[in-house]
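The primary structure of each chain is shown beneath.
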Amino acid sequence: MKLVTKIAMTASILFFLLTQAFSAYIIFDCQQKKIEMVKTSEIKLFQNKMQSFYHDVNENTINDMYTGNILNNYIIYLFRNNTLNNSGLYMDDNCLFNNSPYDFDISYGEELLGISRDQNSIDPKKSNFELYEDVVVVEQKIDDKHIFTFFKTMDFNRGSVIVNVYHTLDITDLYISSRQMVVKALIISVVMSFFMLIILNLLIQKITVPLKNINETQKQLIGGISHELKTPLTAMKGYSETILRVNISKEQEEKALSYIYTECSRLSRLTEKMMYMTKLYDSECKVELKNVNILELVNVVKVAEEHNLSEHNINLQILDINPDLSKMLDRDLVVSLLINLINNGIQTSSEGSNIYIGADEKSIWVRDEGRGIPAEELKNVMKAFYRIDKSRSRKSGNMGLGLSLCSRIAQVHKGTLNIESEEGIGTTVTFVY
Amino acid sequence: MKKRITVAIITGLIVGLLSGCEKTPDKSIITEKNKDNISNYESGKDTGTPIRELVNAPEHYENKFTSKDGVLTIDTDAEVIVPEVSAVDTIKVSTKDPDQEFIDTITNTFFEGGKCYNGSFYNVPTKSELEEKLTYLKKCKAEGNMDPYDYGLDSDGNASYNIDATISALEESISNAPESVEKKEVIPAFDLPEYYGEDEKNDINKDYISVAVEMDDDLYSYTVQRDSDFMQLFQVEIKRENNEYRDDTVEMNEWIGARYFLEDNETDNDLYITEDQLKANTNISYEDAKMLADSKIQSLGLEGMGIVDWDYVMFYTGNNGVTADNVKAYAYQFQYTRTISGFPITYTMNYGGCVEDMESTTVPWGYEVCDIIVSKNGVEQFTLLDPYIIGDVQTENVKLMNFDEIVSIYEEMMEISNSSIGEYESKRIYYITRIKLGYTRIYDPKSDNKSGVLVPVWDFFGGIHAESKDGYISNDNGIDSQQSFMTINAVDGTIIDRGLGY
């Protein structure tokens, strides 16, 4: 699996786990709060109804005339008028009335009531029942239903009549809705994680592609450097060894030392150019764009190359450039570009020939009357360290970096470098803004 | 990597699902109700002694009680009716499903030789019917009668009936109404297509059968309904569309019991009639009418069905109650209930199927009702509600409480249950004219709303004279009343709420 995909997948899984954990906590917490709210509300309702029942019974006064069936019917009648749905009324162990779907274990209820009264604080975590004032509240699961049972004992007529009342409340719906929310949260998490995976994959790829390219270029550069260093170092080592070990004539010694000097100079220039190239390939390389007068720029280049041109007896002509022509350029970089192009022209041109510089609104170009570049080499000439004629180029000190540098300078200006060439006629290199 | 992913997903699922868990108690304070324990009665022996003797029930019972504040009077002067048997059992009963076989039996019983048409299409008003109604409404409007059906005013004082809206709706309907009645012959069954309009796709009605039957120059409506979301049902209604005396320009076109209008019944009516007049007006003898009714009911195959009560009925049309001018026809109404081993189910006007309150989610079950109205024209109306399947004996020869005990419960509880009437009434007199021992069905809807038990109960039938504090007086002397004011379980003396069924 690709590294990018691994990173994206790890992030997505982490996201999924975190969202699941968070949503589970929230849902559970909400569920518990809701259950507590429902329970409290139902207890109040139950208590109110039982108070009303108690009030009615006492108001109507149970007296000794009410016995047996009449007493039972009397209490049932008042209970039915005052109770909630799903309630039951027991006297002793007899069920007087029960309109709930459940039968009630009176003895267990009384046992819980006794326990509740003896232990003032019951730890709800360790038991499934609680005491609210005089009401025992039990939560339990029957089949798939979650049921609250509220139970209390009431006595009338100075304790001569004792009844147990209970009421059930089905809260299964609360659990069902929580489970539904968990499922929904799971589905949403899975979907979101999947989308996150895709998006992360794309984003990481977008970020890493330029880095990859830089990495690739640097590899190439390093490869090129290694190659370029190897040859002169080998020669320098060879000549040094000869001077040290072999008895050679002074003339031969001077020749060897001269070669060593030439190669060292070349290596010095190489490292300088490499550092320059490295700087240009840095993603944080800052290009200082200023409004630069093109004619003035070209004149500066001409002055800088005057010596080199006169040494090779080559004439540099500035063609018709509008003196008002200005462009937003990094002055130093463009000077370097033009110098490189002129140097290339000097190296490929014969004595007495001309090199021309021209510019217009869209571009600056340099044209030489040199030997030209074969058509099949055109696509490679801008690669770092590429030389058309290896042997001749090395002799002249050409390292094959010039056009690569120029191309990079054009890129950092968000422009392009175009080369047109004809063997035997010359080459025109155009920097298009 | 795959393993890690799997572990991560499973962990996530476990974390989520654990939110549903809670602690499990060791012991249960409540358990599911045992459906068979709806009533645990003591079984006795059949000694051959009539029940009346066993429970010491007199032939007639009289007592008058007035409360201390003088508001409530319970005047019991009642015939005590006890079946002539020596023992009674409690019997299991359950709901009868409206299967096709039974529907076919009903169809064949009442409509052999008749042609059945899909009522949804048959009853779509034709152009001429709508035009007739439109003409009538326009005439009423022209005459200044903006409330031809006497709907009156609503709580805000505005007219309840909007004649202009009705006229525009009719005018719009006429354009799409069929020229003639659309007759689609069908076999009465569920899942018949239901008409939704000319341009709309017809739906299938799964729970309601509506059929129009043409037979012997008569037209009948025949409907069968089964379970709804609120109540389990099995209801059959057959009505003769007695067009010779229907008046669709008025709100009421129905049969009403004649007992309230008998001269010796001291109710406040605009019509008083004698029994001789009723007999003469029916133009069919009681015996002939009964014979026809019996033959129809017996054909239905409902085991043990027999006439438990009957009354004269009058067909009236109008908006303001029964008057001498708006009674159009006379007939007999026969009420049938089951009799099992000589012990009948008691018939009352309370059809049951009530719930404790508006928020109840219980699906209730009404009582079995079987009524038929027979006139000189034949069967005018047949109603069958929630028929039972009679099951096994639950408790044999149940031991019944003594009549004296029952009566003392009745008298005490009548006083207790009417203890708050003084808030709104200055006077209330109960006239108890009949005390009857018979079966009623009790059930526990929370544990099982499709089965119950027939238990012997005492019912106290009668009428009320009530005077409200704002001057309104209602009067019913309770003669031939089918309203039971108290139902007491003859075995254990508990009060049964007939509306709730327990």
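A few points about the overall build of chain A
A tally of regular secondary structure across chain A gives nine helices and 14 strands. Among the 433 residues that make up chain A, the fraction classed as buried is 43%. For chain A, the share of sequence-separated contacts (at least 6 apart) that also reach a separation of at least 24 residues comes to 65%. When the accessible surface of chain A is totalled, it reaches about 24200 Å², and 55% of it is carbon and sulfur.

Concerning the overall build of chain B
What chain B contains, in helices and strands, is nine helices and 21 strands. Within chain B, contacts between residues at least 6 apart in sequence are counted, and of these 71% link residues at least 24 apart. For chain B, the exposed surface amounts to about 24900 Å²; the carbon and sulfur share of it is 46%. Placing the 44 positive and 93 negative side-chain charges of chain B at their respective mean positions leaves the two points 7 Å apart.

Considerations on empty space enclosed by the protein
A complete count under the given rule lists two cavities of 30 Å³ or more for this structure. Taken as a whole, the largest cavity encloses approximately 110 Å³ of empty space. Around the largest cavity, the lining is made up of 15 residues, and of these Ile-345, Thr-346, Tyr-347, Tyr-367 and Glu-368 of chain B lie nearest the centre. Lining the second largest cavity are Asn-85 of chain A together with Cys-354, Val-355, Glu-356, Ser-360, Thr-362, Tyr-443, Pro-445, Lys-446, Leu-500 and Tyr-502 of chain B. For the lining of the second largest cavity, the class distribution of residues is six nonpolar, three polar and two charged.

Remarks on the layout of surface pockets
Residue and element names in this part refer to chain B. If you add up the space inside the second largest pocket, you get close to 960 Å³. Lining the second largest pocket are 24 residues; nearest its centre among them are Glu-129, Glu-241, Asn-243, Arg-246 and Asp-248. Taken together, the elements giving at least two residues each to the lining of the second largest pocket come down to α5 (127–142), β8 (208–215) and β9 (218–226). Examining the composition of the lining of the second largest pocket, we find that five residues originate from one element, α5, more than from any other. Its residues assigned to classes, the lining of the second largest pocket comprises 12 nonpolar, five polar and seven charged.

Overview of the sheet that holds strand β1 (residues 87–91) of chain A
All names here are of chain A. Judged by pairing direction, the sheet is antiparallel, and its six strands sit side by side in the order β2-β1-β7-β6-β5-β4 without closing on themselves. Both edges of this open sheet fall to β2 (94–98) and β4 (129–132), since each of them pairs with a single strand only. Taking each pair of neighbouring strands and ignoring which way they run, the sheet shows an average axis angle of 25 degrees. Where β1 meets β2, four bridges bridge the pair, whose relative direction is antiparallel. Its bridge partner being in β2, Met-91 is matched across the sheet by Asn-94. Across the sheet, helix α2 (residues 68–82) touches β1, β2 and β7 (161–170), and the angle it forms with β1 is around 155 degrees.

Quick look at the environment of Ile-409 of chain A
Positionally, Ile-409 of chain A belongs in helix α9 (residues 402–412). When its relative accessible area of 0% is taken as the criterion, Ile-409 of chain A is described as buried.

Describing the pattern of salt bridges
Following the criterion strictly, the structure yields 23 salt bridges over all chains and no others. In this structure, Asp-29 of chain A engages Lys-33 of chain A in a salt bridge whose closest nitrogen and oxygen atoms are separated by 2.7 Å. With Asp-29 of chain A and Lys-33 of chain A both in helix α1 (residues 3–60) and four residues apart, this pair spans about one turn of that helix. Overall, the relative accessible area of 26% leaves Asp-29 of chain A in the partly exposed class. When the shortest N-O distance is used, the salt bridge between Glu-171 of chain B and Lys-138 of chain B registers 3.2 Å. Placement of the pair is Glu-171 of chain B in helix α6 (residues 163–176) and Lys-138 of chain B in helix α5, with a sequence separation of 33 residues.

Considering the nonpolar core
If you look at the biggest cluster of nonpolar residues, it comprises 86 residues, and the most contacted ones within it are Phe-53 and Val-163 of chain A together with Trp-458 of chain B. Ranked by residues supplied to this core, first place goes to helix α9 (residues 403–417) of chain B with eight residues. Those residues within four positions of Phe-53 of chain A in sequence are excluded, and the remaining contacts are Ile-75, Leu-78, Phe-79, Asn-82, Met-154, Phe-156, Val-163 and Val-165 of chain A. Ranked by size, the runner-up nonpolar core spans 47 residues in total, among them Tyr-222, Ala-289, Leu-302 and Met-305 of chain B.

Quick word on a nonpolar patch on the surface
Residues and elements named next belong to chain A. On the surface, a cluster of nonpolar side chains totalling about 830 Å² of accessible area is made up of Val-183, Ile-187, Val-191, Phe-194, Phe-195, Ile-198, Ile-199, Leu-202 and Leu-203. By the secondary structure assignment, Leu-203 is in helix α4 (residues 172–245). Classification of Leu-203 as partly exposed rests on a relative accessible area of 45%.

Notes on the side chain of Gln-31 of chain A
Along the chain, Gln-31 of chain A falls in helix α1. A polar contact is formed between the side chain of Gln-31 of chain A and the side chain of Ser-178 of chain A, at a distance of 2.9 Å.

Focus on helix α8 (residues 286–299) of chain B
All names here are of chain B. For α8, which comprises 14 residues, the first-to-last C-alpha distance of 20 Å matches the rise-based estimate of 20 Å (1.5 Å per residue) to within 8%. Of all the positions in α8, only Ala-289, Ala-293, Asp-294, Lys-296 and Ile-297 are classed as buried. Each buried residue of α8 sits inside an arc of 165 degrees when the element is viewed along its axis, so together they form one side. For α8, exposure combined with an orientation more than 90 degrees from the buried face picks out Glu-287, Met-291 and Gln-298. Downstream of α8 by one or two residues, Gly-301 has phi in the positive range, about 75 degrees.

Topic: the packing of aromatic side chains
A ring pair, where both rings are aromatic, is described by two values, the distance of the centres and the angle of the planes. Counted by the stated rule, this structure contains 35 aromatic pairs over all chains. Seen from their ring centres, Trp-310 of chain B and Tyr-332 of chain B are 5.9 Å apart, and the 50 degrees between their planes marks the pair as tilted. With Trp-310 of chain B in strand β12 (residues 305–318) and Tyr-332 of chain B in strand β13 (residues 327–340), this pair connects stretches of sequence that are 22 residues apart. Looking at Tyr-332 of chain B, the relative accessible area reads 0%, which means it is buried. Residues Trp-365 of chain B and Tyr-443 of chain B carry aromatic rings whose centres are separated by 5.8 Å and whose planes lie at 85 degrees to one another, so their mutual orientation is edge-to-face. Remark: Tyr-443 of chain B occurs in strand β18 (residues 425–444) and Trp-365 of chain B occurs in the loop between β14 (343–344) and β15 (369–375); sequence separation between them is 78 residues. One exposure class covers both Trp-365 of chain B and Tyr-443 of chain B, and it is buried. Three or more aromatic residues joined by ring pairs make a cluster, and in this case those are Phe-53, Tyr-54, Phe-79, Phe-97 and Phe-156 of chain A together with Tyr-502 of chain B. In this arrangement the basic side chain of Arg-226 of chain B is found over the ring face of Phe-190 of chain B, its NZ or CZ atom lying 3.8 Å from the centre.

Quick word on the pairing of strand β3 (residues 72–81) of chain B
All names here are of chain B. Relative to β3, strand β2 (residues 60–66) runs antiparallel, the two being bridged by seven bridges. Bridging from a neighbouring strand, Glu-62 pairs with Asp-77 of β3. In sequence, β2 turns back onto β3 through a hairpin of five residues, with Gly-70 there showing a positive phi of about 75 degrees.

Quick word on unusual backbone geometry
What you tend to see is this: most non-glycine residues have negative phi, and most peptide bonds are trans. Positive phi, normally seen in glycine, also occurs at Asp-143 of chain A, with a value near 55 degrees. Along the chain, the position of Asp-143 of chain A falls in the loop between β5 (135–142) and β6 (145–156). Classification of Asp-143 of chain A as exposed rests on a relative accessible area of 60%. The residue Ser-341 of chain B is not glycine, and still its phi comes out positive at about 55 degrees.

What about the confidence of the model for chain B?
Residues and elements named next belong to chain B. Confidence in the prediction of chain B, expressed as mean pLDDT, is 87, and 91% of residues score 70 or more. Low pLDDT, under 50, characterises residues 19–25; the stretch is placed with 17 contacts to residues that sit more than four places away or in other chains. Reported for the predicted complex are a pTM of 0.70 and an ipTM of 0.75.

Regarding the packing of α2 of chain A against α9 of chain B
Taken N-terminus to C-terminus, the directions of α2 of chain A and α9 of chain B make an angle of 30 degrees; their axes are 10 Å apart at the nearest point. Classified by the angle their axes make, α2 of chain A and α9 of chain B are roughly parallel. In terms of crossing hand, the pair formed by α2 of chain A and α9 of chain B is right-handed. In this structure, α2 of chain A contributes Asn-69, Ile-70, Asn-73, Tyr-74 and Tyr-77 of chain A to the contact, and α9 of chain B contributes Glu-405, Ser-408, Ile-409, Glu-412, Met-413, Ile-416 and Ser-417 of chain B. Grouping the constituent residues of the contact of α2 of chain A with α9 of chain B by class yields six nonpolar, four polar and two charged.

Let's talk about the sheet that holds strand β14 (residues 426–432) of chain A
Residue and element names in this part refer to chain A. Within the open sheet, the five strands sit side by side as β9-β11-β12-β14-β13. Their pairing is mixed. With one partner strand each, in any of the chains shown, β9 (315–318) and β13 (416–422) form the two edges of the open sheet. The mean angle between the axes of side-by-side strands here comes to 15 degrees, regardless of whether they run parallel or antiparallel. Bridge count for β9 against strand β11 (residues 354–359) is four bridges, and the pairing is parallel. Bridging across to β11, Asn-315 finds its partner in Asn-354. Here helix α7 (residues 331–348) sits on the sheet and contacts β9, β11, β12 (363–368), β13 and β14; the angle it forms with β12, its principal contact strand, is near 15 degrees. Most of the contacts of α9 go to β13, to which it runs at about 140 degrees, and overall it touches β13 and β14.

About the criteria used
- Residues numbered from 1 in each chain as written.
- Chains lettered and ligands numbered in written order.
- Predicted model: local features only at pLDDT ≥ 70, side-chain atom pairs only at ≥ 80, totals over all residues.
- Heavy atoms only, no water.
- Helix = DSSP H or I, 4+ residues; strand = E, 2+ residues; numbered from the N terminus.
- Buried < 20%, exposed > 50% of the residue type's maximum accessible area, 1.4 Å probe, protein only.
- Contact = heavy atoms within 4.5 Å.
- Areas by Shrake-Rupley, 256 points an atom, 1.4 Å probe, with all protein chains shown as cover.
- Lys, Arg positive; Asp, Glu negative; His and termini not counted.
- Charge placed at Lys NZ, Arg CZ, Asp CG, Glu CD.
- 1 Å grid on protein atoms, 1.4 Å probe; cavity = no way out; pocket = protein on both sides within 12 Å on 5 of 7 lines; lining within 4 Å.
- Points joined across faces, edges and corners; volume = space filled by probe spheres on them.
- Nonpolar A, V, L, I, M, F, W, Y, C, P; charged D, E, K, R; others polar.
- Pairing = 2+ DSSP bridges.
- Axes fitted to C-alpha atoms, helices over the stretch in contact; angles between N-to-C directions.
- Salt bridge = Lys/Arg side-chain N within 4 Å of Asp/Glu carboxyl O.
- Core = buried A, V, L, I, M, F, W, Y, C linked by side-chain atoms within 4.5 Å.
- Patch = residues over 30% accessible without salt bridge, like charges linked within 9 Å, V, L, I, M, F, W, Y side chains within 5 Å.
- Polar contact = N/O pair within 3.5 Å; in protein donor to acceptor, adjacent residues only side chain to side chain.
- Expected span 1.5 Å × (residues − 1).
- Arc of directions from axis to C-beta.
- Phe/Tyr/Trp six-rings, centres within 6.5 Å; stacked < 30°, edge-to-face > 60°.
- Lys NZ or Arg CZ within 6 Å of the ring centre and 35° of its normal.
- pLDDT = per-residue confidence, 0-100.
- Parallel < 35°, antiparallel > 145°, perpendicular 65-115°, else oblique.
- Left-handed = near helix turned anticlockwise from the far one by under 90°.

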